[in-house]
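Residue-level structure breakdown
For reference, the chains in residue letters:
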Amino acid sequence: MHARATILPLTLDRVTYAHGSTVLIDGISTVIGASSRTIILGPNGAGKSLLLRLCHGLIAPTAGAVRWAGADTLGRSDVARRQAMVFQRPVLLRRSALANITYALSLQGRLGRAERLARAHEALAGVGLAHVAQRPAHVLSGGEQQRLAIARAAALKPDVLFLDEPTASLDPGACRAIEDAIRAIDAAGTKIIMTTHDLGQARRLADEVLFLCHGRLLEHTPADEFFESPRTPQAAAFLRGDIVG
Ligand SMILES: Nc1ncnc2c1ncn2[C@@H]1O[C@H](COP(=O)(O)OP(=O)(O)OP(=O)(O)O)[C@@H](O)[C@H]1O
Ligand SMILES: [Mg+2]
C-alpha cells in the first residue's frame, strides 16, 4: 500500500453520463484502490476517456457520484491538487521543456525556486529527456512532448495520475521509455490509472483491468485473470482482436 495515496480508494457510485438521450457512461459502480496499477480497456468509443474525465472531475456525472477518500476533511481543492492527468495530445506552454515543469510547480506555490529546478531536472531525467531541458517544448517531437507532459505531471508528485493513451502513435523505443517512467512513478508512490490500446502494454503494466463496453463496466478483474480467462464474451472477443458488438 502506498503511504502517500491519501485520497484513495476512489469510489464510483452508479456513475452515469448522458448527453441528451444518449447514455455514454451507464451506471458504473466500483472501488479503485491505492496499491495497484489500474488499466482501463475497451473498444473505441466505449467511454474510457470519458470515465477518466469523470474520475478526475473535469466533467460531472449526470447521475451518481465520484467519491475520494478523505474528501470531507481535505476539501475539494486539496483533492483536486492531489491528482494529475495527461491527455493524449498534451497541451504544452511555449517555453522550454524545463520551464514547462517549473511553471507547473510554481502554480502549486509550495516549493522554492531551487527546489522547483531540482524537481524539474529530476522529472526530465526520469523520462529520458534531460538533454532537451532547454529546448522550446513546441519543437520537441510528438513522443518527446508526450514524455514531457508525463514528466510535468509526475513532478507534481500527485497521489493519482490519470494517463489517457500515453503511448498512442509512439515508436517502440519511446513506448518503452514511457512504460519505464510509469513504473518509476508508480514505485515513487503515485497511483496510476490509465487507458491504452496496446494489449502488450496492458499485460506489461496492469495489476487490474477495468473493461468497458458501450459505457458499461463489464469487468473489474485482476490482470492475470482478465487476460487468462475473461468472464464476458465481449472481453474474450476484444482480446482475440474481434470487433466487439
Ligand atoms: N461531450 C460529449 N458529448 C457527446 N458525446 C460524447 C462527448 N464526449 C464523448 N462522447 C461520445 O462518448 C463515447 C465515448 O467516448 P470516449 O472518448 O470516452 O471513448 P473511448 O473509449 O475513449 O474511445 P477511444 O478508444 O477511441 O479513445 C463516444 O461515442 C463519443 O462520441
Ligand atoms: Mg479515448
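Everything below is about the structure shown above.
Attention here is on the structure that accompanies the text. (Residues numbered from 1 in each chain as written. Chains lettered and ligands numbered in written order. Predicted model: local features only at pLDDT ≥ 70, side-chain atom pairs only at ≥ 80, totals over all residues. Heavy atoms only, no water.)

All right, on to the overall build of the protein then. When you go through the protein residue by residue, the secondary structure sums to 10 helices and 9 strands. For 245 residues, the compact-globule estimate of 2.2 N^0.38 gives 18 Å, and the protein sits close to it at 18 Å. Projecting the C-alpha coordinates of the protein onto the three principal axes gives extents of approximately 50 × 45 × 35 Å. Across the 245 residues of the protein, 50% fall into the buried class. (Helix = DSSP H or I, 4+ residues; strand = E, 2+ residues; numbered from the N terminus. Rg over C-alpha atoms; globule rule 2.2 N^0.38 Å. Buried < 20%, exposed > 50% of the residue type's maximum accessible area, 1.4 Å probe, protein only.)

What follows concerns the nonpolar core. Of all hydrophobic cores here, the largest spans 33 residues; its most connected members are L41, L161, L163, F211, F226 and F227. Residue contributions to this core peak at 5 residues, all from helix α7 (residues 172-187). Domain assignment of the residues forming this core places at least three in each of domain 1 (1-82 + 161-245) and domain 2 (90-157). If sequence neighbours within four positions are ignored, L41 has contacts with K48, T196, L199, A202, V209, L210, F211, L212, F226, F227 and F238. The next biggest cluster of nonpolar side chains, apart from the first, holds 24 residues, and it includes L12, V15, I25 and I40. (Core = buried A, V, L, I, M, F, W, Y, C linked by side-chain atoms within 4.5 Å. Domains from an automatic or database assignment. Contact = heavy atoms within 4.5 Å.)

Moving on to the sheet that holds strand β9 (residues 216-222). Where strands meet in a sheet, backbone hydrogen bonds hold them as pairs that are either parallel or antiparallel. Reading across the sheet, the 6 strands line up as β5-β6-β7-β3-β8-β9 and stay open at both edges, with mixed pairing between neighbours. Where the open sheet ends on each side, the last strands, each with one partner, are β5 (83-86) and β9. Strand-to-strand, the axes of this sheet are offset by a mean angle of 15°, without reference to chain direction. In this sheet, strand β7 (residues 191-195) lies alongside strand β6 (residues 160-164) in parallel orientation, the contact comprising 5 bridges. Looking at β7, one finds that V160 is bridged to K191. Sitting on the sheet, helix α6 (residues 142-155) touches β5 and β6, and the angle it makes with β5 is about 180°. In the packing of α7 onto the sheet, contacts are made with β6 and β7, and the angle to β7 comes to roughly 145°. (Pairing = 2+ DSSP bridges. Axes fitted to C-alpha atoms, helices over the stretch in contact; angles between N-to-C directions.)

Following L8, the chain continues into P9 via a peptide bond in cis, with omega recorded as 5°. By the secondary structure assignment, P9 is in the segment before β1 (10-19). Phi at K157 is positive, roughly 45°, even though this residue is not glycine. The phi dihedral of H214 is positive, around 50°, even though this residue is not glycine. Under the relative-accessibility criterion, H214 is labelled exposed at 56%.

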